[in-house]
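Structural overview for review
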Amino acid sequence: MPIEWRKGERQLHLHNDSISYVMRVLESGTLAHLYCGPRLASGHDYSHLVRSSFISRFNQVLDPIPMELPTAGSGDFRVPMLTVRHADGSTVLDLIYREHSITAGKPPLDGLPSTYVDDEAEAETVEIVLVDGHSSLKVRLLTTIYADRPVVTRSMRVTNDGTGDVKLTTAMSAALDLPDSDWHLLQLTGAWARETHIVDAPLVSGTRAVRSQRGSSGHHQNPFILLRRPSTTEAAGEAIGMSLVYSGNFLAQVEVDPYDTVRARIGFDPETIRWQITPGMDLQIPEAVLVWSDDGIGGVSDAYHRLYRERLATGSWRDKPRPVLLNSWEGVYFDFDEDTLVEMATAAKDLGAELFVLDDGWFGQRDDDTSSLGDWTVDLRKLPSGLPELVERVNELGLLFGLWIEPEMVNPRSRLFEEHAEWAVGFPGRPRSELRNQYVLDMSNIDVVDYLERVVGNVLNSAPISYVKWDMNRVITEPYGASLPPERQNEFFHRYMLGVYDLYARLTERFPDILFESCAGGGGRNDPGMLAFAPQAWTSDDTDAIERQRIQYGTSLVYPLVAMGAHVSDVPNHQVGRSTPLDTRAAVAFFGNLGYELDPRKLDDVEVERVQGQIAWYKERRQLLHTGRFHRLVSPFEGDRNETAWMTVADDGRHALVGWYRTLSRPMPGPSLLRLRGLDPGARYRVTIWPDADDWVTRANVMERGGDELMSQGLFLDDHAWESQARGDFQARIFELESLSE
Ligand code: GLA
């Protein structure tokens, strides 16, 4: 059994073949954390891992004791997991163990997305009930261990069994205490058009926080942190990931205390999310997913990729190959009519695309971004025969049809705003920020959710729509929910997210065959919460091939390639003005979920042939790209930041694709090699290169080679100085390795 209970020591040991997670009920009834790391033998008492001199409550400050569910006010001065204000104004919370139960499988969380099992044998869950005797506040702490993954998930449900209101002032999903501070913290940081850049720095005394208070998980920080040992690399060494299955305001924080122990925590942002629980009511706190690996940062990523692909994403598209799409946005923006779209779709079909996506501009009277959000009826000026006719024409070409929506928003210039100004977020009488000329709809109001289900549902019902890109293009300012009483305004941000999840759940249930892609001005809400409903996300509005290397490299720390929308767009690039070769743009987008975002009618014959070749190449290999083991080889955030390399290897090791990219050409390069990973050392591989080129790299690499030497010596990138430098800037090559061994 993966969860072992030792009655004498009151110890719970969760384990599988690779990891152990141990907790223990102390004599005082407090739940202590004993261990998280490589597998420990079962059948043993590990209570000595918490030094006994520390465990006599009220005699000793609790500071150095590792806690499973730390609270404040009783001698633990580190950052807490749960804090409250009781009806009498007091804040002490003494959570004492009452009982626990162990069950097969993993229960769903009420109203919130979470990882799941398809079969109960895949995981085991312990629910521990802890109660504060003074107030009768009850916590049900859920901890699940997967049988075949180095993954532990945490969440809790807080119930008020007392007689007075209790205000939750901090509610984190997980806290993890570690016995030393010799770690580096990695976070994913950025801004619009440069999301998920890796920041990696050693821990120092005090606290470091990444957070969002913008109403969504945001472009600026991702709800994810990773701790690695100083010696840990991509391929080896200890690393721990903490990822939050939530799409709203969050906080992830690491504290190094005066005794050089560490507490990491992740959950709701406590400054902007507080919750009042009236007697008899409860609150479900989101799920945190912890991964431990001894196979380096790459080992942590691999566990997240597989879990999020296989047991977080839901719906009929989860395991299906995702269609290569052509999106209309950068090609024509708001400027189109039915014939333009059909011409674009016809050209897209000729290129080999499988899905035509009509982006912004099809509804209300929307000729630019100043109007019509909220009016989800087709603009008959542009599409006089309506959506069904357009969809039919696109379907007749042999393409699926997809549509952009931004349901959570309203323009002041819209019919919806005229009729329901009170549905826009903001305090009546105070000025409201208009960002991108739009307001946010109050998703904490059930009437808004009902309305959106009806109008968006009508659109999706009106024609055979196969794909929806669900956008969310601004942050939330002046937070206030008009339908909430004053004492519940602190709940607004979370209630907003519950409304979004509710709408997603209703629409995905009603339209199970639609493939949803989430988007928030690119990667402004690229998080596990969204992934549970929309199995792919628009990674960034930045489609420049050089910027994308960084964005996709960082995103891959947590999110699988199949979930990463990656489009080839026109040059000069619309975000940064850079012109990169067409094949370089594709070579980056291949390591994601491939699409094109340009006007295909404008491609010349040579470009058409190249794109046809790209799409055909990708279709043959997308299964490998999306389900293989991804290895990051060369980081664009390290060294001279001039190169990036990564590879995907099939699980049986027989087939691999290596992407190598160089930004600027340098004169007189010395010999340079790219060492590979994850191959079968005993196998012989045929090495080929995409795109074809009669050059030195081809001559040096296209041959049969052993997996052993490819991993210990590597591919040849430069040698003949003149030929190397003459290749110019923005180079990309894909090396394909196919095993010849039986
Ligand atoms: C956002 C998205 C883009 C596009 C526009 C349309 O910026 O990220 O891809 O859909 O909105 O307005």
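This text follows the structure it describes.
What comes next concerns the included structure. (Residues numbered from 1 in each chain as written. Predicted model: local features only at pLDDT ≥ 70, side-chain atom pairs only at ≥ 80, totals over all residues. Heavy atoms only, no water.)

For strand E3 (residues 19-25), the tally of buried residues reaches seven of seven residues, placing the bulk of the element in the interior. Neither face of E3 is open: one carries Ile19, Tyr21, Met23 and Val25, the other Ser20, Val22 and Arg24, and all of them are buried. Pairing geometry for strand E2 (residues 11-15) and E3, over five bridges, is antiparallel. Bridging from a neighbouring strand, Leu12 pairs with Met23 of E3. Count of turn residues in the E2/E3 antiparallel hairpin: three residues. Here E3 pairs with strand E4 (residues 31-38) via seven bridges, running antiparallel. The partner of Ser20 across the bridge, within E4, is Gly37. Between the end of E3 and the start of E4, which pair antiparallel, lie five residues, with Gly29 showing a positive phi angle near 95 degrees. (Buried < 20%, exposed > 50% of the residue type's maximum accessible area, 1.4 Å probe, protein only. Helix = DSSP H or I, 4+ residues; strand = E, 2+ residues; numbered from the N terminus. Pairing = 2+ DSSP bridges.)

The next thing to look at is the packing of aromatic side chains. In the structure shown here, the tally under the stated rule is 32 aromatic pairs. A centroid spacing of 6.5 Å and a plane angle of 45 degrees characterise the contact between Phe356 and Phe401, whose relative ring orientation is tilted. Placement of Phe356 in strand E21 (residues 355-358) and of Phe401 in strand E22 (residues 400-405) is noted, with a sequence separation of 45 residues between them. By relative accessible area, Phe356 is classed as buried at 0%. Note on Phe401: relative accessible area 0%, which makes it buried. (Phe/Tyr/Trp six-rings, centres within 6.5 Å; stacked < 30°, edge-to-face > 60°.)

Next up on the list: the pattern of salt bridges. The tally for this structure, following the rule as stated, stands at 58 salt bridges. Across the pair Glu338 and Arg393 runs a salt bridge, and its minimum N-O distance is 2.7 Å. On the criterion of sequence distance, the pair formed by Glu338 in helix H3 (residues 338-351) and Arg393 in helix H4 (residues 386-396) is long-range, its members being 55 residues apart. Its relative accessible area of 7% is what places Glu338 among the buried residues. Between Glu408 and Arg525 there is a salt bridge, with the nearest N and O atoms lying 2.8 Å from each other. Taken together, the positions of Glu408 in the loop between E22 and strand E23 (409-410) and Arg525 in the loop between strand E26 (515-518) and helix H8 (528-531) put the pair 117 residues apart, joining distant regions of the chain. In this pair, the class of Glu408 matches that of Arg525, namely buried. Taken together, the salt bridges that share partners define one network made up of Asp118, Glu122, Arg311, Arg318 and Asp319. (Salt bridge = Lys/Arg side-chain N within 4 Å of Asp/Glu carboxyl O.)

With respect to spatial proximity, 13 residues lie near the ligand, and among them Asp359, Asp360, Arg436, Lys469 and Asp541 are the closest. Trp538 is positioned such that a nitrogen or oxygen atom in its side chain is 3.4 Å from an oxygen atom of the ligand. In the environment of the ligand, an oxygen atom lies 2.5 Å from a nitrogen or oxygen atom belonging to the side chain of Asp541. Within the complex, 96% of the 300 Å² of free accessible area of the ligand lies under protein. For the shell around the ligand, the per-class residue count stands at four nonpolar, three polar and six charged. (Near = heavy atom within 4 Å. Polar contact = N/O pair within 3.5 Å; in protein donor to acceptor, adjacent residues only side chain to side chain. Areas by Shrake-Rupley, 256 points an atom, 1.4 Å probe, with all protein chains shown as cover. Nonpolar A, V, L, I, M, F, W, Y, C, P; charged D, E, K, R; others polar.)

On to the packing of helix H10 (residues 582-589) against helix H11 (residues 605-627), then. Between H10 and H11, the least distance of the axes is 11 Å, while the angle of their chain directions is 20 degrees. By the criterion of interaxial angle, the relationship of H10 to H11 is roughly parallel. The handedness of the crossing between H10 and H11 is right-handed. Contacts from Leu582, Asp583 and Ala586 of H10 reach H11 at Glu607, Arg610, Val611 and Gln614. Among the residues making up the contact of H10 with H11, the classes are represented as three nonpolar, one polar and three charged. (Axes fitted to C-alpha atoms, helices over the stretch in contact; angles between N-to-C directions. Parallel < 35°, antiparallel > 145°, perpendicular 65-115°, else oblique. Left-handed = near helix turned anticlockwise from the far one by under 90°. Contact = heavy atoms within 4.5 Å.)

Let us look at helix H1 (residues 296-311). The terminal C-alpha atoms of H1 lie 22 Å apart, and with 16 residues this matches the ideal 22 Å at 1.5 Å per residue to within 8%. The buried fraction of H1 is high, at 15 of 16 residues. (Expected span 1.5 Å × (residues − 1).)

What follows concerns the nonpolar core. Leu82, Leu168, Trp362, Phe401, Phe590 and Phe591 are the most contacted members of the largest nonpolar core, which has 192 residues in total. Take this core: its biggest share by element is nine residues, from helix H7 (residues 492-510). Residues in contact with Trp362, not counting those within four places in the same chain, are Phe336, Trp376, Thr377, Val378, Asp379, Leu383, Leu387, Leu403, Trp404, Ile405 and Val459. By size, the runner-up hydrophobic cluster in this structure holds 22 residues, among which are Ala645, Val649, Val658 and Tyr685. (Core = buried A, V, L, I, M, F, W, Y, C linked by side-chain atoms within 4.5 Å.)

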